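Understanding the architecture of this molecule
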Protein chains: 2
Amino acid sequence: MSNTPSKERVFNFNAGPAVLPLEAVEEIREGFMNFGGMSVLEISHRGKEFKAVLDETTALVRELMGVPEGYHVLFMQGGASQQFAMVPMNLMDKGADYVSTGTWAKKAISEAKFFGSPATVYSSQETKFNRCPRPDEVKATPGASYLHVTSNNTIEGTQYRAFPDAGSVPLVADMSSDILSCPVDVSRFGMIYAGAQKNVGPAGVTIVVIRDDLAKKSCREIPAIFRYSTHAENASLYNTPPVFPIYATMMTLRWLKKQGGVKAMAKRNGEKAKLIYDALDASSFYKSPVERESRSLMNIVFTLPSDELTEKFVAGAKERGMVGLKGHRSVGGIRSSVYNAFPIEGARALVDYMKEFERTAP
Amino acid sequence: MSNTPSKERVFNFNAGPAVLPLEAVEEIREGFMNFGGMSVLEISHRGKEFKAVLDETTALVRELMGVPEGYHVLFMQGGASQQFAMVPMNLMDKGADYVSTGTWAKKAISEAKFFGSPATVYSSQETKFNRCPRPDEVKATPGASYLHVTSNNTIEGTQYRAFPDAGSVPLVADMSSDILSCPVDVSRFGMIYAGAQKNVGPAGVTIVVIRDDLAKKSCREIPAIFRYSTHAENASLYNTPPVFPIYATMMTLRWLKKQGGVKAMAKRNGEKAKLIYDALDASSFYKSPVERESRSLMNIVFTLPSDELTEKFVAGAKERGMVGLKGHRSVGGIRSSVYNAFPIEGARALVDYMKEFERTAP
């Protein structure tokens, strides 16, 4: 297999919005105009064409994630950032527990403060967010409204191997950057949310999987648009949903199913990540700032000996058709995001380039 | 000119999501894959490709609406429904004035109640929302945080001819269904918002034009994601914006500019509406429930003598390639939505069909 992008496509290492399956993107393009004499951008959200899209997308999320009975699958707007506010707005009575594993976890905590007193029950900030806790390192506060975790930390490049056991406290997870990348036991969670733009679709739609008792919970008087109950009762059609982003998500999930679902994804993601982490481990030129047991399979971050070399690395990669490798502006270094749709050839190309760059570096 | 849809396109009378310019839709489809080796769905919102899109879309809104200095143009998510809550959340100190002209105005009032005491300073509910007030019929309450109007009432088929003079009270308008359909003096408004999915793009993006003093106002402690100041300070890039819906909006606005901007749209929309209203006025079979001075140029509603005839009318229209004519489920009857992109040939086809149907009706 060739290590060059197909059909003039680059290897897109962007952290999100990110690479989507070429097959899905091409099918979206091909079917663009074929919606009963109009394009997919023009169909009514109350018509039978979109009903079919919404039903199939919901069914695919249920099937692929293994969502049990008693949970709603909702499509919302505003990304994880809006969920950071909506979760405490809807679910936090007085206190809730948060695990602080990075930039996004901290944002979630910051928004929760407007609705009560979130407790940070674990933080890896002292070690620069280089790890996620083991299950035995997190204890939920008795009576807490929920325990919030960030399953994968996009900026810091860490990921949980196993989630804490919160007992009777509902576990709420921001899975924006690793949803549907590996099997997850949904029944262990009260709620899972994710912006689609990393593993499952384009920007503009948020997937919310929420247990019925939490969807019904109302801690305080809040506007209808911000209540989970509103969206659950109206099956994501309370107001006009983001029609096209949902449609594109459906096409991506169809591809995911065809590949063999989350088990196949986990295998594929494991292989891609192993290639890159093996290259890091074999080198003393590149360094991983992340604890081995917390290494993310989605966002693989590493550093070079200097900022100057980092810049050269990024520029050289671009010349070779590899884009989006610059680390987040808050941490620097290199970040290679290798979500579900990222091809293994791209990981091989990166590793080849890493070796070449190390060999020829000044 | 032929009265049949071009390129197998139907005449799409949907109220939103609605018809977009064929030229824009085709250009979106053609350019779908051409974003530096990836599709438009995969570009980073922090990259130069999207920066160009966001800059151009902002500039087009500014130019086409004639937005003066001192106003922000923002792209948000959640549609007008989310603005119903965000407006009072951000801007209502104790009280604010609302004009109640239909279903959406009432929803806006309902959401405002969570943040204080909105006053309904005018309502046409007693006459089944068959009109919008003349300027002299609305007096703003001294000291009110703002006066809220719904410029066009999609369900009831009414539209303001002139807006109230609120004096020093900022005028806030939901223009979801008639934004950019005719010239508006933006300097008279403190804020204008609109879901894109009727006149300017697909579902999934909300345009907010807000005066700087209002964008900075903070009545209460609210989460960052819900503050206008957050989105203004970050120029719509606080969190991942809906990349594709913004891109599609840009393509629609390019078309609008090419047509001659809002003046040309006003002329075109006036011509389409005149065709249909003239047909209504010439008939005693079809009836308009709307006061003549408040007739909407965007959503033209009318009734037939019976529900049975209405159903037959809708079915027959569909056979002739005209879809989306069923009135909103809350009011029944017929609704023909003829937004900017709706072609005049479609209005002619409707009028021809109306005459034929009346002639042959049992």
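Residues numbered from 1 in each chain as written. Chains lettered and ligands numbered in written order. Predicted model: local features only at pLDDT ≥ 70, side-chain atom pairs only at ≥ 80, totals over all residues.

Right, let's talk about the sheet that holds strand E8 (residues 171-174) of chain B for a bit. Residue and element names in this part refer to chain B. The strand order E2-E10-E9-E8-E5-E3-E4 describes an open sheet built from 7 strands, whose pairing is mixed. At either margin of the open sheet sits one strand with a lone partner, and together these are strand E2 (71-76) and strand E4 (117-123). For this sheet the average axis-to-axis angle between neighbouring strands, irrespective of direction, equals 20°. The sheet strands contacting helix H4 (residues 103-112) are strand E3 (95-100), E4, strand E5 (147-150) and E8, and the helix crosses E3 at an angle near 160°. (Pairing = 2+ DSSP bridges. Helix = DSSP H or I, 4+ residues; strand = E, 2+ residues; numbered from the N terminus. Axes fitted to C-alpha atoms, helices over the stretch in contact; angles between N-to-C directions. Contact = placed C-beta atoms within 7 Å.)

Right, let's get into the relation of the copies chain A and chain B. Both copies of the chain are related through a single rotation about an axis accompanied by a shift along the same axis. Screw-axis analysis of chain A against chain B gives a translation of 0.0 Å along the axis, an RMSD of 0.0 Å, and a rotation angle of 180°. A rotation of that kind, with that shift, is consistent with a two-fold axis. By residue overlap, the copies meet face to face through one surface: 100% of the interface positions of chain A are interface positions in chain B. (Least-squares fit on C-alpha atoms with pLDDT ≥ 70 in both.)

Between chain A and chain B, the residue contacts involve 54 residues of the former and 54 residues of the latter. Those elements giving two or more residues to the side of chain A that touches chain B turn out to be helix H1 (22-30), helix H3 (79-91) and helix H7 (243-258) of chain A. Among the elements that make up the side of chain A that touches chain B, the one with the highest residue count is H3(A) (5 residues). A class-by-class count of the residues in the side of chain A that touches chain B yields 28 nonpolar, 20 polar and 6 charged. (Nonpolar A, V, L, I, M, F, W, Y, C, P; charged D, E, K, R; others polar.)

Glancing now at the sheet that holds strand E4 (residues 117-123) of chain A. All names here are of chain A. If you walk across this open sheet you meet the 7 strands as E2-E10-E9-E8-E5-E3-E4, and the pairing is mixed. Each of the sheet's edge strands pairs with one partner strand only, and the pair in question is strand E2 (71-76) and E4. Pairs of neighbouring strands in the sheet enclose a mean axial angle of 20°, with direction left out of account. Taken together, the 6 bridges between E2 and strand E10 (residues 206-211) define a ladder with antiparallel strand orientation. Pairing of Met76 across the sheet is with Thr206, part of E10. Against the sheet, H3 makes contact with strand E3 (95-100), E4, strand E5 (147-150), strand E8 (171-174), strand E9 (191-195) and E10, and its axis sits at roughly 150° relative to E9, the strand it touches most.

With that out of the way, let us pick up the domain arrangement of chain A. By a widely used convention, the size of an interface equals the accessible area lost when the partners come together. Residue and element names in this part refer to chain A. For chain A, the domain assignment lists domain 1 (25-258) and domain 2 (262-360). Computed over C-alpha atoms, the centres of domain 1 and domain 2 are 27 Å apart. In this complex, domain 1 contributes 23 residues to the contact, which on the side of domain 2 involves 23 residues. Those elements giving two or more residues to the side of domain 1 that touches domain 2 turn out to be strand E6 (152-153) and strand E7 (158-159). Its residues assigned to classes, the side of domain 1 that touches domain 2 shows 7 nonpolar, 11 polar and 5 charged. (Domains from an automatic or database assignment.)

Before going further, it helps to examine the environment of A:Phe84. With respect to the helices, strands and loops of the structure, A:Phe84 is situated in helix H3. It is 7.0 Å that separates the C-alpha atoms of A:Phe84 and A:Ala112, two residues lying 28 residues apart in sequence. Beyond its immediate chain neighbours, meaning those up to four positions away, A:Phe84 contacts A:Lys107, A:Ala108, A:Glu111 and B:Ile225.

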